[in-house]
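Residue strings, one per chain:
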Amino acid sequence: MLELDKVSKVSNGEAHVTDVSLRLDSGTLNVLLGPTLSGKTSLMRIMAGLDRPTRGRVLSDGQDVTGLAVQKRNVAMVYQQFINYPAMTVYENIASPLRISGADKATIEREVDRAAELLRLGPYLQRTPLNLSGGQQQRTALARAIVKKAGLVLLDEPLANLDYKLREELRAELPKIFSESGAIFVYATTEPSEALLLGGNTATLSEGRITQVGSTVEVFRNPVDMVTAQTFSDPPMNLLPMEKRQGKFVKPGVRDIPVPAALSHLADGPCTLGFRPHNLSLTAEAGTTPLSAEVRVTEITGSESYIHLIHEGRRWVMLVKGIHDIEAGTMLEMHLDTRYLLVFDRDGRTVRAQPSGA
């Protein structure tokens, strides 16, 4: 178990991490999700022992290891920018943690071959890293982390430089590999979709603070506030300031939105509605409410279309299946599925749909 107890990190007067408390259990997959400069890498460096927190403690299995150097911890770390030994072959790069630990020749060969097969490095084992592509070099760094069998494995956006197919395969394989070893697996990403694909637990970060921790699906479905909801939405969550008045959400110049039955307990007053791009559609169905907005640009991926919109000066995105080439400037009528509305109060906190204890 790894525990951060009210950890903060300040450097040159700038706060990188602020009052973070977090518990990570052995054998678990833990995602750190947040935009660039939200504190993910700073937090991982503190976990690894590369940096010492300005305040707070780091505990490993109940023991205070705050000042313990990384060399004295059983930690493996892989960065987005791969780090390998340039003078060593790929084989020796992967084998290096095993040699340092005193493993015998048979063990080294077995573990290197296993990691090389998983990461498709078999044909390149006798090459040096400088004779590899960027993706092959990153796979070498990942393989070295795999064979080390560390108790704490920290991966800082490690798949960003890999091709799509391999990235998808590794997302499925890596959690299984490390969880079988009983390691604490921490994976930092800026991509909400990657967090959902990995599963496990997620801690969302914003400006050096953790805004929410929980199972990945639970944090996605039930963010505690607007900041968390926006962190866990890509494309960005669509927002619409309204006022709840009896059974409707109302605003001058905007069509009234009926309050769904699940939100009937909400108190009247100002609020902000939040809904994700896929909660908007081009067709009317039961439980949807019509809205209109101006089309700015349409991005077609092949199987889906991202329609970028302007509504009352706010940028929205709609995600729909199929190819829809809609001309910029078009006033488009769309339909909002109100079953999946999030409602935030004037302080940005998520307002629960039912009274406490219900």
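None of these values were measured; they are calculated from a predicted model.

Participant: Talk me through the sheet that holds strand 8 (residues 184–189); I want residue IDs and the actual numbers.
Facilitator: Spatially, the six strands line up as an open sheet ordered 6-7-8-3-9-10, and their pairing is mixed. If you trace the sheet from one side to the other, it starts and ends with strand 6 (75–79) and strand 10 (209–215), each paired once. The mean inter-strand angle of the sheet, taken between neighbouring strand axes irrespective of direction, is 15°. Lying on the sheet, helix 1 (residues 40–48) is in contact with strand 3 (29–33), strand 6, strand 7 (152–156), strand 8, strand 9 (201–206) and strand 10; it crosses strand 7 at an angle near 160°. Docked against the sheet, helix 4 (residues 134–148) engages strand 6 and strand 7, running at close to 170° with respect to strand 6.

Participant: Would you mind going over the sheet that holds strand 2 (residues 14–24) in detail, with residue names and values included?
Facilitator: Ordered by their spatial adjacency, four strands build an open sheet running 2-1-4-5, and the pairing between neighbours is antiparallel. Since the sheet does not close on itself, it has two edges, and those belong to strand 2 and strand 5 (63–64), each with one partner. Where strand 1 (residues 2–11) lies against strand 2, seven bridges are found, and the strand directions are antiparallel. Residue pairing across strands places Ser11 opposite Glu14, the latter belonging to strand 2. Relative to strand 2, helix 1 is tilted by about 60°, and along the sheet it contacts strand 1, strand 2 and strand 4 (55–60).

Participant: Any chance you could break down the packing of helix 2 (residues 90–100) against helix 3 (residues 105–118) for me, citing the residues and the numbers?
Facilitator: In the contact formed by helix 2 and helix 3, the axes pass within 10 Å of each other and the chain directions differ by 130°. By the angle between their directions, the pair helix 2 and helix 3 is classed as oblique. As for how helix 2 packs across helix 3, the hand of that crossing is right-handed. Mapping the contact onto sequence places Tyr91, Ile94, Ala95, Leu98 and Arg99 in helix 2 and Ile108, Glu109, Glu111, Val112 and Ala115 in helix 3. Taken together, the residues of the contact of helix 2 with helix 3 sort by class into seven nonpolar, no polar and three charged.

Participant: Give me the confidence of the model for the protein chain: which residues, what numbers.
Facilitator: Averaged over all residues, the pLDDT of the protein chain equals 91, while 97% of them reach at least 70. At the low end of the mean pLDDT range in the protein chain sits helix 5 (residues 164–180), at 77; at the high end sits strand 9, at 98. Contacts of residues 353–358 to residues separated by more than four positions or lying in other chains number five contacts, the stretch itself having pLDDT below 50.

Participant: Could you give me a rundown of helix 1, with the residues and numbers involved?
Facilitator: Most of helix 1 sits inside the fold, with seven of its nine residues counted as buried. Along helix 1, the residues that are buried comprise Lys40, Ser42, Leu43, Met44, Ile46, Met47 and Ala48. Phi turns positive, to about 95°, at Gly49, one or two residues after helix 1.

Participant: Which residues make up helix 3, and what values do they have?
Facilitator: Here helix 3 spans 20 Å end to end across 14 residues, near enough to the 20 Å set by a 1.5 Å rise per residue. Three or more residues of helix 3 are buried, namely Ile108, Glu111, Val112, Ala115 and Ala116. In an axial view of helix 3, the angular spread of the buried residues amounts to 130°, which keeps them on one side of the axis. Against the buried residues of helix 3 lie helix 2 and helix 4.

Participant: Give a detailed account of the pattern of salt bridges, specifying residues and quantitative values.
Facilitator: Counted by the stated rule, this structure contains 18 salt bridges. Put simply, Glu333 and Arg255 hold a salt bridge, and the shortest N to O gap is 3.0 Å. Highlighted residues: Glu333 in strand 19 (residues 331–337) and Arg255 in strand 13 (residues 254–258), separated in sequence by 78 residues. Taking the relative accessible area as the measure of exposure, Arg255 reaches 39% and is therefore partly exposed.

Participant: How would you explain the environment of Val186 if you had to name every residue and give the values?
Facilitator: Relative to the elements of secondary structure, Val186 occurs in strand 8. Residue Val186 is classed as buried on the basis of its relative accessible area of 1%. Among residues more than four places away in sequence, those in contact with Val186 are Leu24, Asn30, Leu32, Met44, Met47, Leu152, Val153, Leu154 and Leu155.

Participant: Describe in detail unusual backbone geometry, supporting the description with residues and values.
Facilitator: Cis geometry is found at the peptide bond from Asp234 to Pro235, where omega equals 5°. Its place among the elements puts Pro235 in the loop between helix 8 (226–231) and strand 11 (238–245). Even without a glycine there, the phi angle at Asn12 is positive, about 55°. Tracing the backbone through its elements, the reader meets Asn12 in the loop between strand 1 and strand 2. The backbone phi angle of Glu157 is positive, close to 50°, even though this residue is not glycine. Mapped onto the secondary structure, Glu157 falls in the loop between strand 7 and helix 5.

Participant: I'd love a proper account of the environment of Gly200, names of residues and values included.
Facilitator: Locating Gly200 in the fold gives a position in the loop between helix 6 (192–198) and strand 9. Judged by its relative accessible area of 41%, Gly200 falls in the partly exposed class. Between the alpha carbons of Gly200 and Glu169 there is a distance of 17 Å; along the sequence they are 31 residues apart. Excluding its chain neighbours within four sequence positions, the residues that come into contact with Gly200 are Leu29, Ser215 and Thr216.

Criteria and cut-off values
Residues numbered from 1 in each chain as written. Predicted model: local features only at pLDDT ≥ 70, side-chain atom pairs only at ≥ 80, totals over all residues. Heavy atoms only, no water. Pairing = 2+ DSSP bridges. Helix = DSSP H or I, 4+ residues; strand = E, 2+ residues; numbered from the N terminus. Axes fitted to C-alpha atoms, helices over the stretch in contact; angles between N-to-C directions. Contact = heavy atoms within 4.5 Å. Parallel < 35°, antiparallel > 145°, perpendicular 65-115°, else oblique. Left-handed = near helix turned anticlockwise from the far one by under 90°. Nonpolar A, V, L, I, M, F, W, Y, C, P; charged D, E, K, R; others polar. pLDDT = per-residue confidence, 0-100. Buried < 20%, exposed > 50% of the residue type's maximum accessible area, 1.4 Å probe, protein only. Expected span 1.5 Å × (residues − 1). Arc of directions from axis to C-beta. Salt bridge = Lys/Arg side-chain N within 4 Å of Asp/Glu carboxyl O.

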